[in-house]
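Residue-level structure breakdown
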Amino acid sequence: MTTAAFLLGLTAQVLTLDQAVQTADRAAPQARQARAQTEAARARVTEARAPLLPQVTGAGAYQRTTGNFAPKPGTLPASTPSGPSSWTTHNYFNFGLSASILIWDFGQTSGRWRASAATAESVADTERMTRLQIVLGVRTAFFNARAQKSLVEVAREQLANQERHLKQVEGFVEVGTRPEIDLAQARTDRANARVQLINAENAYAIARAQLNQAMGVEGSTDYDVADDNLPPVPGEDLGTDALMGEAVKGRFDLRSAEQQIRSQELTLRSVRGGYWPALGAATGLTDAGTGLESLTWNWNATLTLTWQIYQGGLTRAQVRENAATLVSLEAQRDSLRQQIRVEVDQARLGVRAAKAATVAADEALTNARVRLRLAEGRYQTGVGNIIELGDAQVALTNAAAQKVQADYNLATARAQLLRALGRR
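For the structure given in this document, a descriptive report is provided here.

Rules behind the numbers
- Residues numbered from 1 in each chain as written.
- Predicted model: local features only at pLDDT ≥ 70, side-chain atom pairs only at ≥ 80, totals over all residues.
- Heavy atoms only, no water.
- Helix = DSSP H or I, 4+ residues; strand = E, 2+ residues; numbered from the N terminus.
- Contact = heavy atoms within 4.5 Å.
- Axes fitted to C-alpha atoms, helices over the stretch in contact; angles between N-to-C directions.
- Nonpolar A, V, L, I, M, F, W, Y, C, P; charged D, E, K, R; others polar.
- 1 Å grid on protein atoms, 1.4 Å probe; cavity = no way out; pocket = protein on both sides within 12 Å on 5 of 7 lines; lining within 4 Å.
- Points joined across faces, edges and corners; volume = space filled by probe spheres on them.
- Buried < 20%, exposed > 50% of the residue type's maximum accessible area, 1.4 Å probe, protein only.
- Arc of directions from axis to C-beta.
- Expected span 1.5 Å × (residues − 1).

Some remarks on the environment of Phe 93
- Mapped onto the elements, Phe 93 comes out in strand E3 (residues 89–104).
- Between the C-alpha atoms of Phe 93 and Ile 181, which are 88 residues apart in sequence, the distance is 112 Å.
- Residues contacting Phe 93, with those up to four places away along its chain left out, are Ala 61, Tyr 62, Asp 287, Ala 288, Gly 289, Thr 290, Gly 291, Leu 292 and Leu 295.

Listed below in structure tokens is the structure:
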């Protein structure tokens, strides 16, 4: 098994379209990066929720200190006698446990939490859209490799025909029924066919390297691509208006934009909560003393009300900023809807044109084969000449390449339509 086959998980040296897509899902750097970004966004949701939950802190301290008393200004001398200073030190232990909770802040913290959750959903939808884009890239690269493989077959067929023509011309020249110039032309045509085969094989190798890149695989290109194709897309013959309903529901990037707008609305609501106070509660328990056997405990409870009465217009400016950002996100969403419509329309028209081109290419290939057969017959009977035979061979080669291109265009147009509709 080759290195590429091992990396792709293949049991044979033929890569199918499904295997290529599955490999990209696992190995493509863009897919791994998108998954990591989604995981990070979901972690930030937990971070944003943390301030809504009770906060508990434990602390312990040991201190070795002198016990000299230093009176403060304003204390009564009679109640605060001061003795001589001494370097005598004492142990001091202090243990504490405190807990606090936010009771209400007019939606500032809860708004940030819900906004973070909406952002995480937006990032998850972006990941899904990234994976669809990766699938499109893999399919396009796969169909390009398949087309190059078909062009190799066309070049081999052309070379085989030129070899056969050369043998025929050699026989005719040997018996004197054809001039020497026909033999020179036949040898030139055979040499050109060899060059075209070399170029086609090189293009196929490059296409497989590009396919490896699209899949996120670093390995050999010593494999063949299967002759896989995409079946007709359900609804591909419908109009743009009929397809837009599905695209609006299925496009993850549009859903991501909607979630961004939802997140910004929640953020704006949270910022507006800054106009109002925040209410919190805290409690603490301490145990302190000069010896572990003689600690003294104390307990306290606190209720706090904090109100940022004036911050130099900060809250008002934040509200304006977030409101403007919301308008911007809504405009981006509307622009994206228009772009989706263009993509659906282009993909639908691309499929329609490619299907018509495929039918015409089939007809042209059939006629080119008939023309070559007739030209070969005319040349053998002495009615035709080497130029007519060469022109017929070129026409067949061009028609075969045109058929390959038409098949490639149809396959990629269907892949683009699937992506435009948000389908896998």
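Thoughts on the packing of helix H6 (residues 240–250) against helix H9 (residues 386–421)
- Relative orientation of the contacting elements H6 and H9 amounts to 65°, with a least axis distance of 7 Å. When H6 is examined against H9, the residues Leu 243, Glu 246, Ala 247 and Gly 250 are found in contact with a partner set consisting of Leu 417, Ala 420 and Leu 421.
- Of the residues that constitute the contact of H6 with H9, the class distribution is five nonpolar, one polar and one charged.

Some details on the layout of surface pockets
- Counted as a void, the largest pocket has a volume near 240 Å³.
- Along the wall of the largest pocket there are 17 residues; nearest its centre are Gln 108, Gly 274, Trp 276, Gln 308 and Gln 311.
- If you list the elements that add at least two residues to the lining of the largest pocket, you get helix H4 (108–175), helix H7 (252–272) and helix H8 (314–381).
- Here the lining of the largest pocket gets three residues from one element, more than from any other, and that element is H8.
- Class assignment for the residues of the lining of the largest pocket results in seven nonpolar, eight polar and two charged.

A short note on empty space enclosed by the protein
- This structure, assessed with the given rule, holds two cavities of 30 Å³ or more.
- Considering only enclosed or pocket space, the largest cavity measures out at about 60 Å³ in volume.
- What lines the largest cavity is Val 154, Glu 157, Gln 158, Asn 161, Leu 365, Arg 369, Gln 393, Leu 396, Thr 397 and Ala 400.
- Taken together, the elements giving at least two residues each to the lining of the largest cavity come down to H4, H8 and H9.
- Counted by class, the lining of the largest cavity contains four nonpolar, four polar and two charged residues.
- Considered as a void within the structure, the second largest cavity measures approximately 50 Å³ in volume.
- Around the second largest cavity, the lining residues are Gln 162, His 165, Val 169, Ala 186, Asp 189, Ile 386, Leu 389, Gly 390 and Gln 393.

A word on H6
- Among the residues making up H6, those that are buried are Thr 240, Leu 243, Met 244, Ala 247 and Gly 250. Along H6, the residues classed as buried sweep out an arc of 135° about the axis, all on the same side. Exposed side chains of H6 directed beyond 90 degrees from the buried face belong to Asp 241, Ala 242 and Lys 249.
- The inward-facing, buried residues of H6 contact H7, H8 and H9.

Overview of helix H3 (residues 29–49)
- Taking 1.5 Å per residue as the helical rise, H3 with its 21 residues ought to reach 30 Å, and the 31 Å between its terminal C-alpha atoms agrees with that figure.
- Of all the positions in H3, only Ala 31, Ala 34, Thr 38, Ala 41, Val 45 and Ala 48 are classed as buried. All buried residues of H3 fall inside an arc of 105° around its axis, so they share one side. Exposed residues lying more than 90 degrees from the buried face of H3 are Glu 39 and Glu 47.

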